[in-house]
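# Architecture at a glance
The residues making up each chain are set out below.
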Amino acid sequence: MARYNPKDIEPKWRQAWTDADAFRAVADRSKPKYYVLEMFPYPSGRLHMGHVRNYAMGDVIARFKRAKGFAVLHPMGWDAFGLPAENAAMERGVDPKAWTYENIDRMRSELKELGLSIDWSREFATCDVDYYGKQQAWFLDLFERGLVYRKESVVNWDPVDQTVLANEQVVDGRGWRSGAVVEKRKLNQWSMRITDYADQLTDDLKALDRWPEKVRVMQENWIGRSKGLKFRFHFAHARAGEEMESARAGGAAPDGFADGLEVYTTRPDTLYGASFVGIAADHPLAAAVAARDPAAAAFIDECRKGAATEAEIETAEKKGYDTGLRVKHPFDPAWELPVWIANFILMDYGTGAIFACPAHDQRDLDFCRKYDLPVRPVVLPPGEDAAAFRVGDEAYVGPGTLYNSDGLDGLDIEAAKAEAIRRIEAQGDGEGATVFRLRDWGVSRQRAWGCPIPVVHCPTDGVVPLPKSALPVAHPADIEFSKAGNALERHPTWKHTTCPKCGGPAVRETDTLDTFVDSSWYFARFANPHAAEPIDKSEADYWLPVDQYIGGIEHAVLHLLYARFVTKALADDGQLSVREPFAGLFTQGMVTHETYRRQTGEWVEPKDVEIVAEGNTRRAALAGSGEPVVIGDIEKMSKSKKNTVAPEEIFEVYGVDAARLFVLSDSPAERDVQWTSGGVQGAWRFVTRVWDEFDSQPADVAAAEPDAELRRATHKLIRQVTEAIDGFRFNSGIARLYEFLNLLKANPAKGASPAVLAARQEALSAFARLIAPFTPHLAEECWARIGGEGMVVAAPWPTFDAALTEDSTKVLPVQVNGKRRGEITAPAGAEPAEVEAILKADADIAAKLEGLTIRKIIVVKDRIVNIVAA
RNA sequence: GCCGCCGUAGCUCAGUGGUAGAGCGCAUCCUUGGUAAGGCUGAGGUCGGCAGUUCAAUCCUGCCCGGCGGCACCA
């Protein structure tokens, strides 16, 4: 018996696949197509276990679909722009471009070692001039369509990375990459009008039925569509005894607010419960008030200081300032409401102004209790008595019937909303409106290592987009990265050019595009990465949408939302036919590992730790010294906690197949998997045992009627594994393979009857093909060993005979009053009467029923029998 | 606070309205010419708690407890 040696066998088959060009994607219109894509990696230079799991999953799907007869596209590329290259440049004085391409080379060879069934002829990096030049082309198209604009706005500024961040990239008040507390700055920024698509982006989520519910919910929350009413309050008079600008002007309204104060509400039904009108501290009206009221100005200053982080905002006490201004209630001109500046109102949501109904909104209630403003309930909960119902410290937000509300009385909430909107619209004071939490996508980044924005600034013509003939706008070769900030801006000559409109001197835009722009369309470029146009529409029409996209949940909002937006925008521009990029999405779990620390608190790498089992507990010590080590929590593998395991070291010891098998086998694909050395050893033992089983099969098996039982088990296995892969239940498919291997071992080739040998031959032929998606190298070696035709990569997926997956007889447990008391054997599909006959003939069961009267016999076909007796 | 996921063997996790499973770990034994290995056998579980539906609940429903994730002064 030759021992299985992955070090020789695995490279041999990888070479054979390359020689056969086995994974080239061909748009064969006679076949159904399947596009499987894993989120492309950032070329950090090093493969980690998370990559192994991610790409192994995609590879399982790709190999499976190929065997099932699909034309498969399974490409790979590099998300190659971004800060790490600039940081490396600053720290080590290397050229970001050279650094990035070296990393790509290293990672490519590591990825190839994984044996992935990728069409490498389609590979590109987003930092390739060809790629980002095409990106500049469609950027100009969207500019022309008005989907790209530039304006001065308050932005999130990351003081460490020295760049602007999109709202999506600010997490708990900190930069998503640097972790630095984000500052607010006013800058001229390029933005994309993702808000134009807010409705579609919400509505189309419903059709994404192969996306995880969780991701759809997260996107829906992020876009945050709400329906309500926008309307204007008209000003009444100023507070008595004070000199108001508005009063001096002879009217009730301050300058600039002659049309009134516009507010947004989702609860127009509660208008009769209004207590005050509130505006944000940043509201223009607040500024107008502050201009002549130092106390107001002081209050506004205080508000600005307070709100630094989300956590502080959340716990901040509600504070307000009565401006003295009064507005008229829209349904009762005699009813006046005070206008307050309040610290809990956000300027960038809705109109930055609200009307407060304390009885039915907790924030408003807290505010009114503090400042002793009236609380008037207008929604009566079901079953409550109108005379007795009071609101204490808890606002009532449930369903009910309107009261205290004049013409709205008696209506339910939805009817009252509709009626209030109708009345406001009839008065000409406002209209029903949809408001989104989503903001436009700020895409300017003050960094050099990104896609240059293809416009110039001309003193005569202003902002001028370049003609497409001037593309690509490439980086200069000699960028100086010794200092922080934008190296493109600093470059002595690059930005100086001529205006395409007037021919005079002009300056290039030195901002580059957010790297999320790069990843918002790469899947479409894979359809034909060599096309002259950004997207080869004919090829894209064949391959798109991506049938199965696989990646981490961390991109649930950012990348996936941007990609959906760009797809829709390019579709509207006629460059794409699909309106959604990813028909199926799978978010895989992370690879985790135990953490280890010395008594001193220092993290220790797993390879330096020895684990000793003592009964059912485990103890850890430093390898070598024996110094005790504390076993900590199981966490995502990370350099900072030193709980990583290097894939190449695992490949070296156990081979690629064992590593692939383990990360797929030990937990469901969407959940985290805990890496353990015992686990990968188990996978390795499976690999060797599989090989032993194939190796023990004689080369010449005589034709014979195969053993029926083993044959049934084989067909059952084919069915189970096929269904498991289809359902992304790789772990349970692998569990079935483990069980089946045990069955094969129970029917060894040595001394087997011709019938068993023949059945084994059929079983092994299927088995080699069933393991191919998981352990492709082992599968090829096994396939060759039993004389399979060609390579497994070209072999069709095994099929099963449904009749053979069912047993001919069934063992039915017999329950008496729900407790198991015995079992009987009946033919498959036996009718209740037949089963009852068998039951009555059974002496054992009869004994159990001694002295009892049978009330009822329940027969569940092929499953169980329950006798109800007393 | 709202939404979602999870709770099954010592550990990590499958699974099913009807006989409780796998890998690892543990124990016993075999092998000592696969040997920094291989194999046999076995122990171990009120399926988080309570109630309901049902002939029958680990599975369905409700409530509760515990853990994780997302969102959150969004009017």
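All figures in this text were calculated on a predicted structure; none of them were measured in a lab.

### With respect to the overall build of chain A
Counting its regular elements, chain A contains 27 helices and 36 strands. The C-alpha extent of chain A, read off along each of the three principal axes, is 110 × 90 × 65 Å. Within the span of chain A, comprising 870 residues, buried residues form 52% of the whole. Here chain A displays about 38,400 Å² of accessible surface, and carbon together with sulfur accounts for 50% of that area. Across chain A, the 105 positively charged side chains and the 128 negatively charged ones have centroids separated by 2 Å.

### A closer look at the sheet that holds strand 1 (residues 33-38)
Read across the open sheet, the four strands follow the order 2-1-25-26; overall the sheet is parallel. Because the sheet does not close on itself, it has two edges, and the strands there are strand 2 (71-73) and strand 26 (585-588). Across the sheet, the mean angle from the axis of one strand to that of its neighbour is 20 degrees, orientation sign disregarded. In terms of strand pairing, strand 25 (residues 548-552) meets strand 26 through four bridges, oriented parallel. In the strand pairing of strand 26, Gly551 is matched with Thr587. Docked against the sheet, helix 2 (residues 49-67) engages strand 1, strand 2, strand 25 and strand 26, running at close to 175 degrees with respect to strand 1.

### Focus on the nonpolar core
Counting 163 residues, the largest nonpolar core has Trp441, Tyr522, Phe523, Trp675, Phe730 and Phe774 as the members making the most contacts within it. Among residues more than four places away in sequence, those in contact with Phe730 are Met57, Val60, Ile61, Leu664, Ala669, Ala724, Ile725 and Phe774.

### Re the packing of helix 19 (residues 647-654) against helix 20 (residues 656-665)
Their axes nearest at 7 Å, the elements helix 19 and helix 20 cross at an angle of 115 degrees. Contacts from Ile650, Phe651 and Tyr654 in helix 19 reach Val656, Ala658 and Ala659 in helix 20. For the contact of helix 19 with helix 20, the per-class residue count stands at six nonpolar, no polar and no charged.

### Brief notes about the packing of helix 3 (residues 83-92) against helix 4 (residues 96-113)
Where helix 3 contacts helix 4, the axes come no closer than 9 Å and their chain directions differ by 120 degrees. Seen along the crossing, helix 3 lies across helix 4 with a hand that is right-handed. Side by side, helix 3 and helix 4 meet where Pro84, Ala85, Ala88, Ala89 and Arg92 of the first sit next to Pro96, Trp99 and Thr100 of the second.

### A short note on helix 20
Among the 10 residues in helix 20, 10 count as buried, and that is most of the element. Within the sequence span of helix 20, burial applies to Val656, Asp657, Ala658, Ala659, Arg660, Leu661, Phe662, Val663, Leu664 and Ser665.

### A short note on the environment of Tyr132
Among the secondary structure elements, Tyr132 is positioned in helix 5 (residues 129-144). Separated by 321 residues in the primary sequence, Tyr132 and Ile453 place their C-alpha atoms 9.9 Å from one another. Among all residues touching Tyr132, those that are not within four sequence positions of it are Phe81, Thr126, Cys127, Cys451, Pro452, Val473, Ala474 and His475.

### Describing the side chain of Asp364
Along the chain, Asp364 falls in helix 12 (residues 362-371). Of the buried charged residues, Asp364 lacks a salt bridge, with Arg363 as the closest side chain of opposite charge at 5.1 Å. Apart from the residues lying within four places of it in its own chain, the contact partners of Asp364 are Phe344, Ile354, Phe355, Ala356, Cys357 and Pro358.

### Notes on the sheet that holds strand 18 (residues 444-445)
Strand pairing within a sheet occurs via backbone hydrogen bonds; the two strands may be parallel or antiparallel. Pairing is antiparallel in the open sheet, where three strands are placed in the order 18-24-19. A single partner strand is all that each edge strand has here, and the edge strands are strand 18 and strand 19 (451-452). Inspection of the sheet shows strand 19 paired to strand 24 (residues 512-513) by two bridges, in the antiparallel sense. For Pro452, the partnering residue across the bridge sits in strand 24 and is Thr512.

### Digging into the packing of aromatic side chains
Scanning all chains against the criterion turns up 40 aromatic pairs. With a centroid separation of 4.9 Å and 80 degrees between ring planes, the pair formed by Phe81 and Trp449 is classed as edge-to-face. One end of the pair, Phe81, is in the loop between strand 2 and helix 3; the other, Trp449, is in the loop between strand 18 and strand 19, with 368 residues separating them in the sequence. Of the two residues, Phe81 and Trp449, both sit in the buried class.

### Quick look at the pattern of salt bridges
Following the criterion strictly, the structure yields 41 salt bridges and no others. Here Asp514 ties to Arg445 by a salt bridge, and the two come within 3.0 Å at their closest N and O atoms. One end of the pair, Asp514, is in the loop between strand 24 and helix 15 (515-518); the other, Arg445, is in strand 18, with 69 residues separating them in the sequence. With relative accessibility at 3%, the residue Asp514 sits in the buried group. Shared partners join several salt bridges into a network, and the residues in it are Asp199, Asp203, Lys206 and Arg225.

### A closer look at unusual backbone geometry
Note that the residue after Leu471, namely Pro472, is joined by a cis bond; omega there is 0 degrees. Structurally, Pro472 is set in the loop between strand 21 (462-465) and helix 14 (487-490). Across the junction of Leu544 and Pro545, the peptide omega takes the value 0 degrees, indicating a cis bond. Inspection of the secondary structure puts Pro545 in the loop between helix 17 (537-543) and strand 25.

### Thoughts on the environment of Pro330
Within the secondary structure layout, Pro330 lies in the loop between strand 11 (320-329) and strand 12 (332-342). For Pro330, a relative accessible area of 14% translates into the label buried. With residues up to four places along the chain from it excluded, the contact list for Pro330 reads Phe231, Phe233, Leu271, Ile424 and Gln427.

### Brief notes about the environment of Ser753
By the element assignment, Ser753 lies in the loop between helix 23 (730-746) and helix 24 (754-771). The sequence separation of Ser753 and Ala704 amounts to 49 residues, and the corresponding C-alpha distance is 9.6 Å.

### What to know about the confidence of the model for chain A
Summing up the model confidence of chain A, the mean pLDDT is 86 and the portion of residues at 70 or higher is 93%. When mean pLDDT is taken per element in chain A, helix 16 (residues 522-525) scores highest with 98 and helix 8 (residues 245-248) scores lowest with 40. Model confidence for the complex: the whole-complex pTM is 0.88, and ipTM, which rates the interface, is 0.81.

About the cut-offs
- Residues numbered from 1 in each chain as written.
- Chains lettered and ligands numbered in written order.
- Predicted model: local features only at pLDDT ≥ 70, side-chain atom pairs only at ≥ 80, totals over all residues.
- Heavy atoms only, no water.
- Helix = DSSP H or I, 4+ residues; strand = E, 2+ residues; numbered from the N terminus.
- Buried < 20%, exposed > 50% of the residue type's maximum accessible area, 1.4 Å probe, protein only.
- Areas by Shrake-Rupley, 256 points an atom, 1.4 Å probe, with all protein chains shown as cover.
- Lys, Arg positive; Asp, Glu negative; His and termini not counted.
- Charge placed at Lys NZ, Arg CZ, Asp CG, Glu CD.
- Pairing = 2+ DSSP bridges.
- Axes fitted to C-alpha atoms, helices over the stretch in contact; angles between N-to-C directions.
- Contact = heavy atoms within 4.5 Å.
- Core = buried A, V, L, I, M, F, W, Y, C linked by side-chain atoms within 4.5 Å.
- Nonpolar A, V, L, I, M, F, W, Y, C, P; charged D, E, K, R; others polar.
- Left-handed = near helix turned anticlockwise from the far one by under 90°.
- Salt bridge = Lys/Arg side-chain N within 4 Å of Asp/Glu carboxyl O.
- Phe/Tyr/Trp six-rings, centres within 6.5 Å; stacked < 30°, edge-to-face > 60°.
- pLDDT = per-residue confidence, 0-100.

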